[in-house]
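Here are the chains, one letter per residue:
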Amino acid sequence: MHTWAMAFKVAAVGVSAVFVGLLMLAGGVKIMSFFCRLATRKQKEESSPDSAM
Amino acid sequence: MELVQTVIANTGFVHLTIGHVIMWFVGIFFMYLAIKKDFEPLLLVPIGFSIFLVNMPITPLTGKGELIYIFYHYGLEWEVIPCIIFLGIGALTDFGPMIANPKMLMLGASAQLGVYVAFFGAILLGFDIKEAASIGIIGGADGPTTIYLTQSLAPQILGATAVAAYSYMAMVPLIQPPIMRLLTTEKERKIRMAHFRPVSKTERLVFPLLATALICLLVPAIAPLIGLFMIGNLFREVKGVGRLLKTAQEELLNIVTIFLGLSVGSTMQAENFLNPQPIFIFFLGLIAFAASTVTGILLVKVMNLFLKEKINPLIGSAGISAVPMAARVSQKVAHEYDPKNYLLMHAMGPNVAGLIGTAIAAGMFMSMLK
């Protein structure tokens with residue numbers, strides 16, 4: 001009985017951690033991509049011929 | 001006369017048992033799968049031959065200080081080989097499709113549910129909780145993670161779990177397609193997915209650092225595997241480390257693959273292996289694998305209820321960690337129904353997400369059970 005109780009706890013925490021971990025990573029990737037694209041856009045704007053004028 | 005008797009007593013013939021001969025056939029069977037059927041020959045040839053070799057009686061191979069024992073002790077018991085394999089896999093992995101569409105990470109998560117199905121199945125069959133965790137992780141279809149976890153929690157079943165994991169990884173093209181066809185309609189199999197956006201070099205460079213930080217903070221136990229995986233991936237994206245990348249992808253990966261195969265095969269000696277336990281482990285491994293395929297596909301079907309742009313459910317099965325085989329299987333099955341449907345790069349997203357998902361699942365088992 002003790003083994004089953006422990007097993008359910010382990011499974012519940014494990015499944016939650018997998019989903020939370022990958023959700024966090026997905027969120028982190030979205031934020032990272034946003035800032036990377038922002039930085040790329042700013043670089044393009046700065047290096048475009050119009051900005052020299 | 002006495003000398004002749006001594007010589008005869010020191011031959012393997014006198015010590016040969018039926019168990020040894022059975023294991024020879026097991027080794028030959030794995031080599032047959034590798035050579036004739038082309039099932040993961042890089043792994044099954046050294047594993048199969050090692051099984052054959054170590055079941056030669058009274059050979060100085062697996063005793064303390066002997067050749068294959070040294071590979072096993074320093075490679076597997078010290079958990080070095082799985083980490084270096086992950087370095088090589090990271091160097092070979094393209095995270096672009098996953099970075100372009102981070103939703104795919106959820107498919108990698110859902111495919112890990114099969115791990116827990118087998119976990120409970122193993123407890124039901126009488127395995128203790130640590131052994132059950134080591135058997136369950138086979139469902140992630142990730143050989144190095146299976147070895148890493150099993151060595152940590154239940155080293156006494158390392159041989160069976162490692163061989164089961166690599167055998168099922170090799171049999172992905174056989175096991176998955178019938179399940180994929182059973183769970184999807186023809187209309188769903190023909191869903192075409194939009195091209196994903198191009199991913200910048202900066203994103204590819206930042207991703208390994210981001211992933212290392214998030215995963216190691218969440219599950220510190222898995223830092224050796226994830227850390228080496230991500231540094232391998234960083235080598236792939238950084239200009240100027242071409243030599244390191246080439247070594248990680250080729251020479252180093254090939255060397256440790258040889259030692260891995262020999263070490264894993266060496267755990268399958270007749271006296272340890274010929275009992276009902278490995279048969280249960282193989283059976284549970286198959287359940288784990290099939291359940292992971294099922295849960296991956298089912299999550300896509302659930303997600304499609306809420307998404308405007310539908311995901312082809314065939315890529316859900318690629319959420320297991322058999323990179324890139326599972327992604328290729330998704331492409332192949334889709335191709336049967338629509339030759340112009342190119343799913344491979346879309347399937348790589350969940351495929352690589354599955355690698356991370358399995359590592360997190362293993363890390364949580366270690367945190368709670370070690």
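Preceding this paragraph is the structure being described.
Each value, and the rule that gives it
- Residues numbered from 1 in each chain as written.
- Chains lettered and ligands numbered in written order.
- Predicted model: local features only at pLDDT ≥ 70, side-chain atom pairs only at ≥ 80, totals over all residues.
- Helix = DSSP H or I, 4+ residues; strand = E, 2+ residues; numbered from the N terminus.
- Core = buried A, V, L, I, M, F, W, Y, C linked by C-beta atoms within 7 Å.
- Buried ≥ 20, exposed ≤ 12 C-beta atoms within 10 Å, placed from the backbone.
- Contact = placed C-beta atoms within 7 Å.
- Axes fitted to C-alpha atoms, helices over the stretch in contact; angles between N-to-C directions.
- Parallel < 35°, antiparallel > 145°, perpendicular 65-115°, else oblique.
- Left-handed = near helix turned anticlockwise from the far one by under 90°.
- Nonpolar A, V, L, I, M, F, W, Y, C, P; charged D, E, K, R; others polar.

A. Geometry of the overall build of chain B. Looking only at helices and strands, chain B has 21 helices and zero strands in total. Its C-alpha atoms give chain B principal-axis dimensions of roughly 85 × 45 × 40 Å.

B. Expanded view of the nonpolar core. Membership of the largest hydrophobic core comes to 129 residues, with the highest contact counts inside it found for B:Ala118 and B:Ile360. The contact partners of B:Ile360, leaving out residues within four places of it in the chain, are A:Ala17, A:Val18, A:Gly21, B:Ile215, B:Val219 and B:Ile222.

C. Main features of the packing of helix H3 (residues 18–35) of chain B against helix H4 (residues 41–54) of chain B. Residue and element names in this part refer to chain B. H4 packs onto H3 with a crossing angle of 160 degrees between their chain directions and a minimal axis gap of 8 Å. Taken together, H3 and H4 sit at an angle that is classed as roughly antiparallel. Viewed along their axes, H3 and H4 form a crossing whose handedness is left-handed. Two secondary-structure elements touch here, H3 through Met 23, Trp 24, Val 26, Gly 27, Ile 28, Phe 30, Met 31, Leu 33, Ala 34 and Ile 35 and H4 through Pro 41, Leu 44, Val 45, Ile 47, Gly 48, Phe 49, Ile 51 and Phe 52. Here the contact of H3 with H4 is built from residues that sort into 16 nonpolar, two polar and no charged.

D. How the structure looks around unusual backbone geometry. Residue and element names in this part refer to chain B. The residue after Val 323, namely Pro 324, is reached through a cis peptide bond having omega -5 degrees. The residue Pro 324 is located in the loop between helix H19 (276–304) and helix H20 (325–337) in this model. A positive phi is found at Asp 38, a non-glycine position, where the angle reads about 60 degrees. Of note, Asp 38 is situated in the loop between H3 and H4. For Ala 141, which is not a glycine, the phi torsion comes out positive at approximately 55 degrees. Its location among the elements puts Ala 141 in the loop between helix H10 (129–136) and helix H11 (143–153). Here Ala 141 falls in the buried class, since 34 other C-beta atoms lie within 10 Å of it.

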